[in-house]
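The lines below spell out each chain.
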Amino acid sequence: YKNSTMNQYYFLDLDYSTNTIVIHSGKYEITSDLIIPKDHIFILNPGVELNLLKKGKIISYSPIKFFGTQKQPITIHSSDSTGQGITLINVKGESLLENVLFDNLSAPKEDGWELTGAVTFYESPVEIVSSQFYRNRDSDDALNIIRSNFTIFNSVFSCRF
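Below is a summary of the structure that appears in this document. (Residues numbered from 1 in each chain as written. Predicted model: local features only at pLDDT ≥ 70, side-chain atom pairs only at ≥ 80, totals over all residues. Heavy atoms only, no water.)

1. Quick word on the packing of aromatic side chains
Quick reminder of the rule: Ring pairs are drawn from Phe, Tyr and Trp, using the six-membered ring of Trp, whenever the two centres fall within 6.5 Å, and their geometry is named by plane angle: stacked under 30 degrees, edge-to-face over 60, tilted for the rest. Helical segments are the DSSP runs of H or I of at least four residues, strand segments are the runs of E of at least two, and each set is numbered from the N terminus. Type-normalised accessible area, obtained with a 1.4 Å probe on protein chains alone, sets the label of each residue: buried when under 20%, exposed when over 50%, and partly exposed for intermediate values.
Going through the model one piece at a time under the given rule, you end up with 6 aromatic pairs. Relative to Phe66, the ring of Phe42 has its centre 5.7 Å away and its plane inclined at 85°; by these criteria the two rings are edge-to-face. With Phe42 in strand 5 (residues 41-44) and Phe66 in strand 8 (residues 64-67), this residue pair connects regions lying 24 residues apart in the sequence. The pair Phe42 / Phe66 is uniform in exposure class, with both members buried. Taking 4.9 Å as the distance between ring centres and 15° as the angle between the ring planes, the aromatic pair formed by Phe102 and Phe133 counts as stacked.

Here it is in structure tokens:
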């Protein structure tokens, strides 16, 4: 797989003692691939807004913990309608999405490979709680979960926003 691209993003707070990668509350842009290596935990705190631009996408080989709240949800969207979503591949630990809004994302495509879901968990267990998937673009599915244990509670899937 590709090497990590974390050093391209100033807003990533890396803690080497706990192998955590944290994004604190605020608005940020992902303008190329953000690749999270294995053996870490990728955390988004309440109030994070990630705008995926210029075909940017997130690929993680580690669990994600996206902890939004009702008052401060996490938003992952694409204002230029090119953002390619989030993919987790062969992640050992369980991921958690809570109060996360995904909007106007498409499935990742790159150099001969293409996925069908804007948000994909491939052999990566996940729990999704109170989250929303809106305006999926140029892909078959807003969410794909392949060969993975999963739980989904109180969540919305819609083609309109």
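2. Here we look at the pattern of salt bridges
This is how it is decided: By definition here, a salt bridge exists when the distance from a side-chain nitrogen of Lys or Arg to a carboxyl oxygen of Asp or Glu is within 4 Å.
Within this structure, the stated rule accounts for 4 salt bridges. In this structure, the salt-bridge partner of Lys57 is Asp33, at a minimum N-O distance of 3.1 Å. Of this pair, Lys57 sits in the loop between strand 6 (48-52) and strand 7 (58-60) while Asp33 sits in the loop between strand 3 (26-30) and strand 4 (34-36), and the two are 24 residues apart along the sequence. We note that Lys57, like Asp33, is buried. Among the salt bridges present, the one from Glu110 reaches Lys57, with a minimum N-O distance of 2.9 Å. You can see Glu110 sitting in strand 13 (residues 109-110) and its partner Lys57 sitting in the loop between strand 6 and strand 7, a full 53 residues away along the chain. Both residues of the pair, Glu110 and Lys57, belong to the buried class. Counted as one network, the salt bridges with shared partners bring together Asp33, Lys57 and Glu110.

3. Details of the nonpolar core
Heads up, the condition is: In these notes, a set of buried Ala, Val, Leu, Ile, Met, Phe, Trp, Tyr and Cys residues joined through side-chain atoms within 4.5 Å is what counts as a nonpolar core. Contacts between residues were defined by any pair of non-hydrogen atoms, one from each residue, lying within 4.5 Å.
Core analysis: the biggest nonpolar cluster contains 34 residues, and Phe42, Leu50, Phe66 and Ile76 have the highest contact counts within it. For Phe42, the contacting residues outside a window of four places in its chain are Leu12, Ile21, Ile23, Leu34, Ile36, Ile58, Pro63, Ile64, Lys65 and Phe66.

4. Focus: the sheet that holds strand 7
Here is the rule: The rule for pairing is simple: two strands pair if DSSP sees at least two bridges between them. Helix axes are fitted to C-alpha atoms over the stretch in contact, other axes to C-alpha atoms as well, and angles between N-to-C directions run from 0 to 180 degrees.
Across the sheet, which stays open at both edges, the 5 strands sit in the order 4-7-10-15-18 with parallel pairing between neighbours. Looking along the sheet, the strands with just one partner apiece sit at the ends: strand 4 and strand 18 (141-146). Neighbour-to-neighbour, the strand axes of the sheet open up by a mean angle of 10°, direction not taken into account. Bridging between strand 7 and strand 10 (residues 86-89) involves 3 bridges; their strand directions are parallel. Counterpart to Ser60 in the pairing with strand 10 is Leu88.

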